[in-house]
Each structure stands twice: as C-alpha cells, then as structure tokens.
Amino acid sequence: MVKGSLTMDQQVVSPETTTIRSVVENPKITSKDICVFYGDKQALFDVNLDIPRFAVTSLIGPSGCGKSTYLRCINRMNETIPIARVTGEIKIDDQDIYDPDLDVVELRARVGMVFQKPNPFPKSIFENVAYGPRIHGLVKDKTDLEELVATSLERAGLWGEVKDRIHEPGTGLSGGQQQRLCIARAIATKPDIILMDEPCSALDPIATAKVEELMMELCENYTIVIVTHSMAQAQRVSQKTAFFHIGYMVEYGDTKQIFEDPQDKRTQDYIFGRFG
Amino acid sequence: MTDISQTQPAATHDWTSAAARRRVRRRYAADRRLQFYGIAAIGTAMALLGVLFTTLIYAGYAAFTTTKVELGVFLDPEKIDKGNIRSANFRKMVRDAFLSYFPDVQGRTDKRNLSKILSSGAAYIVRDYAVRNPDKIGELVTISVPVSDPFDQLYKGIIPREIQALSSDRILLYEQLEHRDVLSVQGGVGVVKTTLFVDPAQVPEEGGVEAADYQRMINEGFRSFFLSEPSLSYREILSPNAAEALKKKVVANPELVGKTIEVDLPLSANYDNLLQKGEAKIRNPRFRSDKEFAWFDSLIQRGLISTPFTWELFFNADSRFPELAGLAGALSGSFLALLVCFLLSFPIGIATATYLEEFAPKNRITDLIEVNINNLAAVPSVVFGLLGLALFLNTFGMPRSAPLVGGMVLALMTLPTIIVATRAALKSVPPSIREAALGVGASKHQVMLHHVLPLAMPGILTGTIIGLAQALGETAPLLLIGMNAFIPSVENIGLTQPAMALPTQIFSWADSPERGFVSRTSAAIIVLLGFLVLMNLLAVYLRRRFEKKW
C-alpha cells in the first residue's frame, strides 16, 4: 500500500516484507536484514532501520515483539547470552560493528546503555561514574577523573543532589536518582549513542518527568534510542518512532505521523488501543 | 445448597458452619504440631550437645591444672660447668633438694620411693631454668616442678588412696555364703561353717593325723558349696590357716576320721573384712607403701603444693609422662598443615569455580567435570589419605609425616567444598550487576575481578573457613600419611620435618595407658573444639564485614 504524500523524509514500502519505513538522511546507525535467533526460535525477522543522529528514536510495540532484542543488537549485548545468534549487518557511522576485528569492549564504551531496573554498582557514587573512564583509560590523572565525574553527573541532572555525598554508596539513592546515576555512568565513557531499555518503567511519575527532561537535553549532543511501553512517553520525547510487532519492524516514521496517521493496520490497532 | 435454606442472595461460603470450624481447628492443630516438632528437634539437638560438652568438660577439666611442688634447689657452682650447663647432673641436684625436705627418711628403698613423688621431668625443668638464667648459678632458687602422675591424680581426687580389694564376681561368691547363713565371727576372726568329710584316704599310714592332707580335705568339702562355679576362685575365701585349724581339730579328736563333720574355718583377710567391717579395701596398688601418703600429706601441710593453670599443655611438646605432655608439637603441625592447605586450595578452588561458572562452554565435558567435583565432596577422607600415601609418599617420594604432605592431602579434601561454595556464591550475584558492568564496556575478566568476585566474597570466605575447619579436625588421612609422629621437642618444627597434628595427637593420647592421659585427651579435645569455634566465629565476622557493603 503506497501512500503518495511526501513528508520531510520519503516513505518507502518494501514489497517483500510489507514494511513501511522512511528514509533518513545521514543516519547514525543503519541496520540491514537483522535476524536474531534464540536457539531454534527466531525473535527478529529481517529488521531494516536507520536511526538519525542527534535525535531521540523510540521503539514501541506489544510485549515480546523484539524491540529490546533489537536494541541489544546495537551494542552487541546479545552475545552475552550463549544461545543467541545474530545475522545481518549493523553499521555505526558506516562502520560494521559485527566485524570480527572490532573490539566489542570499545564498542560498548562508545554505545552506552541504561537498563530498565536501575542497577548502580554497589560502590560509591563517585566510583560508579569513574569506573568506565578508568578501565578505558580515558583520563590521565585524578583531577581529570574528578572533573569528568562531575561533568557527567551534572549532565545527568544529579550533581546538585549528590555533590555533598559523592563517596556514599550509590545504592542509597532513591529510584529516580539511581536511574539518573546510571545515565551519568553511561555518558561518562563519552559515548556517541545512548540506548535506553524502558528507562522509566520502574520510576514514579515525577522521576519519570525528570528523566524525560534529561533525554530531551541530551539528544542535542547524543543519538538516543529508547524502548518504551508508554505511547505517551514516545510522543513526548521522540522525533522518530518505530513500531515492532511479533519480530517484525512494521512501520517507522516521524512520531507525529505514526501517532496521528498510522499507515499499517497493525500499527493502527496498536496505537488506537485495540490490543496492547 | 438449595435456595430454601439460603437467606443470602448469592451462594457465598459459610464460614461458621460446623465443617468450617472443624477445618479451622484441624489447621490450628497442624500448626501447633509443626511447631512442636520443630521445638522437639531443636531441644533434642541441644540436649545432645549439652551432654557432649558436659562429659567433655567433666573428663577434661582436671588437665587444666597441674599439681606442683615448690622445690628449693641449690645450683651448686662446683657441680655446674658454666661453659656447658646442660651437662651437669641435675637429676642428683633435684633429688638431693627434695630429700632434704625429709631428713628422717633413710634406706635406699624409701629414698627411691620418696623421690618418685616428683615427676621425672623435674630435672629437665631445673636444667632449662639454669640454662636460661646462668646468673642464678650459686644461689638457692625456688622452682615449681610437677609431681608425678599418680600424685597429681591423687591430689585432684581422681584416683583414691584405697580401692576395692575384691572384684564384683568375688563379692558374688561371698554373698552366696552369706545367703546360706554359714558365716559368723568367733574370737574376733570371721569363720565359715563348712561341712566336710574327713577322708581316711588322706590320712597316711605313717604320720597319721599329724601328716594328713587337710588342705585337700578342705578343698573337697568346700567345693560342695560352689558346685556350679567353674573356676577355683572360691578357694581364696579361706585363709591359708584353714588347713591348720582343721588339723588342730582332727588331731585333738582323731575319732573324727572317716566321719562327716562341721568345722568353722577362718576366712582370708579380705573376706574377713567384708564380714566384720562391711567392705574390703586395699591400698591403691599405684602406691608402694602407706609412707608415700604420709610424705605427700606432709608436703601438703607445709604448703608446698600448688595447682596453677597448666600452661604446659600449650607450650610443651609430647612426652611419655602425662604430667609433662603438651600440645605444642600438635598445634604447630596442625597450623603448618592448614597453612599449606589454605595456600593450595583457596586460589585453585576459586579459579576452578570461576572458570566453570563464567567461562566454560556449556557442553558435556563441563557437565562431567561438575558432577565429579560434586561427588568428590562426598568421598570419605580416608580415601584421600590412601591417595596421599600412594602418590605423594610412594611415587613422589616426599618426606613422611611432614606437614607439607599433610597440607596437600587436606587441600585435596577441602577443594570440593570451596569449589561448591564459590559456585553458589557466584550464582547468587544478580545478573543485573554483570549486565551493568558489560554495558559500561568492561571485558569478561574485568567483570569477574572488579564486580562479581568482590560481591561473592562473603559466601566464598564462609565456605573456605568451613572447609578449613573441617580439615582441622580430620584424622584419617593424616594417620595414613603418618602424621602421627612422637614429637618430644619443639626444636625441629618445619614443613618437611616429621610432625604431629591436633586430631592425631588426641588419637595417640587416647591410646596411652597412663591415667593422666585420660583427662589430657579430653582437654585436647576441648582445645580442638575451641579452635573450631574460633574459626567459625571468624567466618561469621568476615561475612558480616563484607556484607555491609552490599
């Protein structure tokens, strides 16, 4: 089904998989024919997606549709699961990240990740943020490290609240603060891309609002991809949205257009609440 | 439930019916029963523990004090060569010093018995004192030396001065006579009325009644009392004078020959005492004469006897004499063996568990290894001892009964415990921590070292200390590799020198015949238990300290 109207990005319907996706100029991350298998079970079928830079892209869809699986492909976290197998190609800045010569540890420093349940290390707040830069050798001496930690915490919107107790355990903070600490930890390694897997689902509305505010500030300097269950959140924070359904990426486009005028019937059913 | 009987609009559950109430009562009863079983189980365990500790302490507390006598010894400078103090005749000095307490005692036998009150090690104690304090030579010094084992036990009231003269089966024989009412006292002497036949066949042609075999007549006649008795022990009941008594009677009345008569025969001393005093006691055969009691009492009266705490138990090496035997050799042997065990099993165990848990591919070989390690934890310890004997001692030719070999065998035993505990601790670290570390860009080994192992440390340490505490008390493997050497001095302690361990020391002391070792064995067991408790407390403390960081 081809829709003739043109927007900023053109719409392309690929006939084989009936996926509707828009073309993105100068994308940060490009994915081609990504398939993920857990043992014999296939979780993702030929996902093709281009993520723009300096913008927030949200992945939405019902439970078990593969959005978290796709997200974890971008920083190769699926490799930590022994039975998982990924085929296809993902390029970041035109560099194939599944190239066997690529150091996956360095990749994960360049692509930060924030998880659903806040998981700070059981160390001090300072240590939490300092650990990444230290093992990657990003700073030369102690003063540089302290500066980096302070900057990261400030960018994460947490500095004011913790500057007096920076050597106290990170696990002593509230849920929202812990999640912002995890964000600070992720940006301390100076990544280009931040992946967020349902970052606010364990937080109360006020903490959620703070984290969303943070996201919108950060996307000026980082490329952010978030997986979310909350369509309202996707509408609030993201510029582009991709809808996943049972392992297929069904529709991808501007957030406004996806939510106001979805093209595919499955998208329509999801957005308008006929299933969830 | 029909609508007729229901007053409520909907069919709801009736919480007050008899059936419901019965269910509630049964549930409460089941709860109470479960509580009772739990309390009964704990109570039984506590009671058994209480019995264990009570018997241990009761048997062993006596070893924690030593009876000592204050000895004033003159270190004669003429007898001691300053250049070679050790060679002087301290035995004679000690003997002279002690004998001077009893100037009235004469005669070689008496003097020898007197000096036996002191422990044989007294001379060595004085010698060591002189070696340590050469400036005291020429002075009269007061040194406390232990008394010998019989007097030590006597003073503590463990052995009595007098013991029962007769064993229970002899007393039984006596009671048979008593039952028949043939016992009486005549002229201050206990007698038994015996019916016997004055056998003419025992009266010879020459000599007549004077030369007759009266003893035989008595044996025959007396035996009728004890027809069912298989042994001849009843003969002890009669005094040796019994034959004389019979002879006197027959000689006075020779017409009794050939007749069956009743005659009162005197009882032997012990049975006489039984009859007249109600009990028969003799001096404890460990003491040669009553004079020894008198001498010892005199020492007590003069205030020369004291019972200080037995520090020697911890600082002396083993000895033939229980009053001198100590645990120094055993403690150092056990310590060295445990050290070797820890240094071997801790790193290997953690490395193995880490590899199996994190890095090993999940295939059948890994499964096989895991199953075998779990089974190793259940192998009887004596098998490890055999392995040590065959492999370390025979094939590798390592020194026998050395703490090095003991430690290696114990390490083999402790490894499965540590591996299993470490794996459980590693499994308990939440995967979110690993994911967070990986997400920040840590490599697998960085995740292990910086995040997972520190969090798993409490569990790992607990498992290690429990494994070591088990190894401390294992006897069988150490016996098989010969770590049961008699170590009389603490000078040759080393990793490759023959050594003793604490549990094997207990085993060895338990076998010794001297009475003093009975309480010392229990004391050694108390020391061993004390160390086990300390190690477990250390495990609890370490666990708490690491856990608070979580």
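Note that the coordinates shown come from a computational prediction; the quantities given were computed from them, not determined experimentally.

Within the largest apolar cluster, 94 residues are counted, with the highest numbers of intra-cluster contacts made by Leu49, Leu59 and Phe244 of chain A. Counting 39 residues, the second-largest nonpolar core is a separate cluster that includes Ala122, Tyr129, Val145 and Val147 of chain B.

This part is about the packing of helix α4 (residues 142–155) of chain A against helix α6 (residues 175–188) of chain A. Residues and elements named next belong to chain A. Interaxial distance between α4 and α6 falls to 8 Å at its minimum, and their mutual angle equals 130 degrees. Between α4 and α6, the angle is such that the two are oblique. Considering how the two elements wind past one another, α4 and α6 form a crossing that is right-handed. Note on element contacts: α6 touches α4 through Leu181, Ala184, Ile187 and Ala188, opposite Leu148, Ser152, Leu153 and Arg155. Its residues assigned to classes, the contact of α4 with α6 comprises six nonpolar, one polar and one charged.

What follows deals with the interface of chain B and chain A. The interface of chain B with chain A comprises 17 residues on the first partner and 20 residues on the second. When chain B packs against chain A, the two sides together hide about 1,600 Å² of surface, and 64% of this comes from carbon and sulfur. Counting the surface chain B buries against chain A, the share from its top three residues, Glu435, Leu438 and Val440 of chain B, is 34%. Taken together, the connections running from chain B to chain A amount to one salt bridge.

Right, let's talk about the packing of aromatic side chains for a bit. With the rule as written, the count across this model stands at 18 aromatic pairs over all chains. Here the aromatic rings of Phe36 of chain B and Tyr37 of chain B are separated by 6.2 Å at their centres, their planes lie at 50 degrees, and the arrangement is tilted. Looking at Phe36 of chain B, the relative accessible area reads 54%, which means it is exposed. Between Trp509 of chain B and Phe517 of chain B, the ring centres sit 5.7 Å apart and the planes meet at 35 degrees, which makes this aromatic pair tilted. Comparing Trp509 of chain B with Phe517 of chain B, the two get one shared label, buried. Here the guanidinium or amino end of Arg85 of chain A rests over the ring plane of Phe37 of chain A, the centre of that ring lying 4.4 Å away. The ring of Phe102 of chain B has Arg302 of chain B lying over it, and the distance from NZ or CZ to the ring centre is 4.9 Å.

Residues and elements named next belong to chain A. Looking at where Asp197 falls in the secondary structure, it is placed in strand β9 (residues 193–197). At 5.6 Å, Arg72 is the nearest oppositely charged side chain to Asp197, a buried residue that forms no salt bridge. Here Ser68 takes part through its side chain, which lies 3.0 Å from a polar atom of the side chain of Asp197. In this structure Asp197 touches Ser68, Leu71, Val114, Phe115, Gln116 and Val227, once residues within four positions along its chain are discounted.

With that out of the way, let us pick up the sheet that holds strand β1 (residues 68–74) of chain B. All names here are of chain B. Strand order in the open sheet made by the three strands is β2-β1-β8, with antiparallel pairing throughout. Looking at which strands have only one partner, the edges of the open sheet turn out to be β2 (140–146) and β8 (305–306). Here two bridges tie β1 to β8, and the two strands are oriented antiparallel to one another. Considered in β8, the bridge of Lys68 is made with Ser306.

Attention now goes to the pattern of salt bridges. Tallied over the full model, the rule gives 30 salt bridges over all chains. Of the charged contacts, one joins Glu435 of chain B and Arg72 of chain A as a salt bridge, the two residues approaching to 3.0 Å between their closest N and O atoms. Placement of the pair is Glu435 of chain B in helix α16 (residues 431–440) and Arg72 of chain A in helix α1 (residues 67–74), with the two residues belonging to separate chains. One salt bridge connects Lys156 of chain B with Asp152 of chain B, and the closest N-O pair in it is separated by 3.3 Å. Look at Asp152 of chain B and you get buried, because its relative accessible area is 3%. Here the salt bridges do not stand alone but share partners, grouping Lys28, Arg53, Asp93, Arg110 and Asp192 of chain A into one network.

Here we come to the confidence of the model for chain A. Residues and elements named next belong to chain A. Averaged over all residues, the pLDDT of chain A equals 87, while 91% of them reach at least 70. Counted against residues more than four places away or in other chains, residues 1–10, with its pLDDT under 50, gives 10 contacts. In the predicted structure, residues 13–17 sits below a pLDDT of 50 and forms five contacts with residues beyond four places in sequence or in another chain.

Rules of the game
Residues numbered from 1 in each chain as written. Chains lettered and ligands numbered in written order. Predicted model: local features only at pLDDT ≥ 70, side-chain atom pairs only at ≥ 80, totals over all residues. Heavy atoms only, no water. Core = buried A, V, L, I, M, F, W, Y, C linked by side-chain atoms within 4.5 Å. Buried < 20%, exposed > 50% of the residue type's maximum accessible area, 1.4 Å probe, protein only. Axes fitted to C-alpha atoms, helices over the stretch in contact; angles between N-to-C directions. Helix = DSSP H or I, 4+ residues; strand = E, 2+ residues; numbered from the N terminus. Parallel < 35°, antiparallel > 145°, perpendicular 65-115°, else oblique. Left-handed = near helix turned anticlockwise from the far one by under 90°. Contact = heavy atoms within 4.5 Å. Nonpolar A, V, L, I, M, F, W, Y, C, P; charged D, E, K, R; others polar. Buried area = accessible area lost by both parts, 1.4 Å probe. Salt bridge = Lys/Arg side-chain N within 4 Å of Asp/Glu carboxyl O. Phe/Tyr/Trp six-rings, centres within 6.5 Å; stacked < 30°, edge-to-face > 60°. Lys NZ or Arg CZ within 6 Å of the ring centre and 35° of its normal. Lys, Arg positive; Asp, Glu negative; His and termini not counted. Polar contact = N/O pair within 3.5 Å; in protein donor to acceptor, adjacent residues only side chain to side chain. Pairing = 2+ DSSP bridges. pLDDT = per-residue confidence, 0-100.

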